[in-house]
Amino acid sequence: MKSRSDKHMVFGREPPIVDARFPMEISSGVFLIPDKRIPLIPNIGIIVGREYALVVDCGLVVDGAESILAVTRDLAPGRKNILTITHAHPEHGYGAHAFSKDAVIFYNAAQKDYLLSSGSHLLKAFRSYFLPTSHHYLLDGIEITEPHQTYAGSEVSIDLGGRTALLRTWGTSHSPGDQIVFLPEERILFAGDLVVERMFPIVPFFPPLIGVPDINLAQWECALEEMVEMAPKLVVPGHGNLGDTDIVEQVIGYFPLLRRLSQDTKKTAAEKVASIRQFQPTWENPEFIGPALGYLDQMTKSVHPVQFL
């Protein structure tokens, strides 16, 4: 990532278009389109049952989402398609318009509310903050596409035909309505950006471009702890390589360190960032350390501070 100014950062030289040509079968009938560690491209899942195929995330760009839909048809001929989005940030689901006529788009009500209230603002922020000017054309014509159906409450199970997928949300964590997709029989967990692998977790605090943060680190930690308790054999992070519960526990270990350093009045901001980088020197995206410290600083100064666990 290159800094254009103190308030503008650019992610990646490659356009964030999902390459769906080579899906990996990570379990029988469960496929992964990997992010290849390219910024602003998520890991994408395709879960095939006898009657339905469930697609988990579809990327930022409609062209890429169309290629995912085409691959899904090839992998699951004759099935009805369902698209779910792990959360409402643009790089995970703004290509959803490609699925609007050929699939049921389904996720939780809180996520829908956040998409409708903040989706256009997030898109503008992506254009001005995260994408180089040469990639702005990719966002032309994107339509904020709301789901056909939503579920209320914390979880719902979907019968895909011989295979069950559990959708689970903890409300606001990394963003309002974050959800995971868990396959209880196969013990495969699609975690979205609640978990990233060998990267500093994305705490999306970027005022004034994105405004008041819709984040709750305490709730995020609860979600991570429950994911470990689910004992998945395979964890698909929002970004990065596959792993097991170790990659979840690494994120759990990061947040207390972040909080301790945020409360250290003797260190400068630069010293805090340096200390955190030493915690995991091989992790990518250190650009997200500063926003995380900024979020915690705002919470400390607020009238009603967040009560961390």
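For the structure itself, consult the block above.
A brief look at the structure comes next. These numbers come from a predicted model, not from an experiment.

1. A few points about the overall build of the protein chain
Moving on, step 1. Scanning the protein chain for helices and strands turns up seven helices and 14 strands.
Moving on, step 2. Its C-alpha radius of gyration of 19 Å places the protein chain within 12% of the 19 Å reference for a compact globule of 309 residues.
Moving on, step 3. Along the first, second and third principal axes, the C-alpha atoms of the protein chain reach 60 × 45 × 35 Å.
Moving on, step 4. Counted over contacts in the protein chain with a minimum sequence separation of 6, partners at least 24 positions apart contribute 68%.
Moving on, step 5. Surface accessibility of the protein chain: about 13300 Å² in total, with carbon and sulfur atoms responsible for 51%.
Moving on, step 6. Between the mean site of the 27 positive side-chain charges and the mean site of the 36 negative ones, the protein chain shows a separation of 4 Å.

2. Remarks on helix α7 (residues 289-301)
Moving on, step 1. Its 13 residues place the ends of α7 19 Å apart at the C-alpha level, agreeing with the 18 Å of an ideal helix rising 1.5 Å per residue.
Moving on, step 2. For α7, the full list of buried residues reads I289, P291, A292, L293, Y295, L296 and M299.
Moving on, step 3. At its buried positions, α7 is contacted by α4 (217-229), α5 (245-262) and α6 (269-279).

3. Some points on unusual backbone geometry
Moving on, step 1. Not every positive phi belongs to a glycine, and L40 is a case in point at roughly 70°.
Moving on, step 2. Tracing the backbone through its elements, the reader meets L40 in the loop between β4 (30-33) and β5 (44-48).
Moving on, step 3. In this structure, R198 takes a positive phi of about 55° despite not being glycine.
Moving on, step 4. If you trace the backbone, R198 turns up in the loop between β13 (188-196) and α4.

4. Here's the deal with the sheet that holds strand β12 (residues 179-183)
Moving on, step 1. If you trace the five strands from one edge of the open sheet to the other, you get β10-β11-β12-β13-β14, paired in mixed fashion. Each edge of the open sheet is held by one strand with a lone partner, namely β10 (155-159) and β14 (234-239). Between one strand and the next, the sheet's axes are offset by a mean angle of 25°, whatever the strand orientation.
Moving on, step 2. Pairing analysis gives five bridges linking β10 to strand β11 (residues 164-169), with the strands arranged antiparallel. Bridge assignment links I158 to a residue of β11, and that residue is A165.

Reading guide: rules and limits
Residues numbered from 1 in each chain as written. Predicted model: local features only at pLDDT ≥ 70, side-chain atom pairs only at ≥ 80, totals over all residues. Heavy atoms only, no water. Helix = DSSP H or I, 4+ residues; strand = E, 2+ residues; numbered from the N terminus. Rg over C-alpha atoms; globule rule 2.2 N^0.38 Å. Contact = heavy atoms within 4.5 Å. Areas by Shrake-Rupley, 256 points an atom, 1.4 Å probe, with all protein chains shown as cover. Lys, Arg positive; Asp, Glu negative; His and termini not counted. Charge placed at Lys NZ, Arg CZ, Asp CG, Glu CD. Expected span 1.5 Å × (residues − 1). Buried < 20%, exposed > 50% of the residue type's maximum accessible area, 1.4 Å probe, protein only. Pairing = 2+ DSSP bridges. Axes fitted to C-alpha atoms, helices over the stretch in contact; angles between N-to-C directions.

Just distances and angles here, no functional claims.
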